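Fold and geometry: a report
Chain by chain, the residues run as shown.
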Amino acid sequence: MTMWVFGYGSLLWNPGFPVARQELATLHGYARSFCMSSIHHRGTEDKPGLVLALDEVDDAHCRGLALAVEAGHEDRTLADLRERELISSAYLERMLDVELHSGETVNAVTYVIDPHHVQYCGGIPLEEQAQIIAHAVGGRGPNTEYLYNTTEHLAEIGLHDPDLEWLSQRVRALVA
């Protein structure tokens, strides 16, 4: 049985595991947003950044990629994903159904935000998000890099996120 992972942020451009197949996919009931304060990867405890998370929202959907893990790499992939994504317990690991572009539905490992976690910060206005992202740096590099890579990769695969596109332009102007 194929192990699937749903990518909507950095997993789009940096999965960190061998991918046998990828396909555009939609997850219903969740919205992609900068609703997680990043104190490890893209910010610090003193100067947090923001990273994307899936926030549960009625009637919402998120388009991303379903990534099929190469056979024989499932255990290592899951261990690596847990080390990467569950570093502060702000994400919850879920097995959720995603609809592939081909029409098939697969069950995928998906990381969603815990709205009760201290790092949850949903509802921040876009301008404030831009100000935070423009100046934060964490263990994996500048918050700007995370935003730019995600926005550019979404565009490359034909998915457009108006909020991310606006943020990317605004942050570029702020750091110029």
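Attention here is on the structure that accompanies the text. Here the structure is a predicted model, which means the values were calculated and not measured. Here the residue numbers are simple positions, counted from 1 along each chain's written sequence. Whole-chain, interface and lining totals are the exception, using all residues; otherwise, since this is a predicted model, local features are given only for residues with pLDDT of at least 70 and side-chain atom pairs are given and counted only at 80 or more. With hydrogens and water excluded, all non-hydrogen atoms of the structure serve as input to the side-chain values.

Observations concerning the sheet that holds strand β5 (residues 105-113)
In this analysis, strands are considered paired if DSSP registers two or more bridges between them. Only DSSP runs of H or I covering at least 4 residues are called helices, and only runs of E covering at least 2 are called strands; the numbering of each starts at the N terminus. If you trace the five strands once around the closed barrel, you get β1-β3-β2-β4-β5, paired in mixed fashion. Across this sheet, the average inter-strand angle for adjacent strands is 40°, counted without regard to direction. As judged from the two bridges shared by strand β2 (residues 19-38) and strand β4 (residues 91-100), these two strands associate in the antiparallel manner. Paired with A25 across the strands is L100, a residue of β4. Set on the sheet, helix α4 (residues 143-156) makes contact with β2 and β3 (49-69); between it and β3 the angle comes to about 70°. For every element, the axis is a line fit to its C-alpha atoms; helices are fit only across the contacting stretch, and the angle between N-to-C directions ranges from 0 to 180 degrees. Residue contacts are defined here by distance: any two heavy atoms, one from each residue, within 4.5 Å place the two residues in contact.

Brief notes about the environment of V98
As for its placement among the helices and strands, V98 is situated in strand β4. As a C-alpha pair, V98 and L154 span 56 residues in sequence and 17 Å in three-dimensional space. Beyond its immediate chain neighbours, meaning those up to four positions away, V98 contacts F6, A25, T26, L27, A66, E104, T105, V106 and A108.

A short note on the pairing of β5
Under the scheme applied here, a residue whose accessible area is under 20% of the maximum for its type counts as buried, over 50% as exposed, and between as partly exposed, the area being computed with a 1.4 Å probe on protein chains only. In terms of burial, β5 is a largely internal element, seven of the nine residues being buried. Here nine bridges tie β4 to β5, and the two strands are oriented antiparallel to one another. When the bridges of β5 are listed, E93 appears paired with Y111. The antiparallel hairpin formed by β4 and β5 contains four residues in its connecting segment, where G103 sits at a positive phi of about 105°.

The values reported here are purely geometric and, on their own, carry no functional implication.
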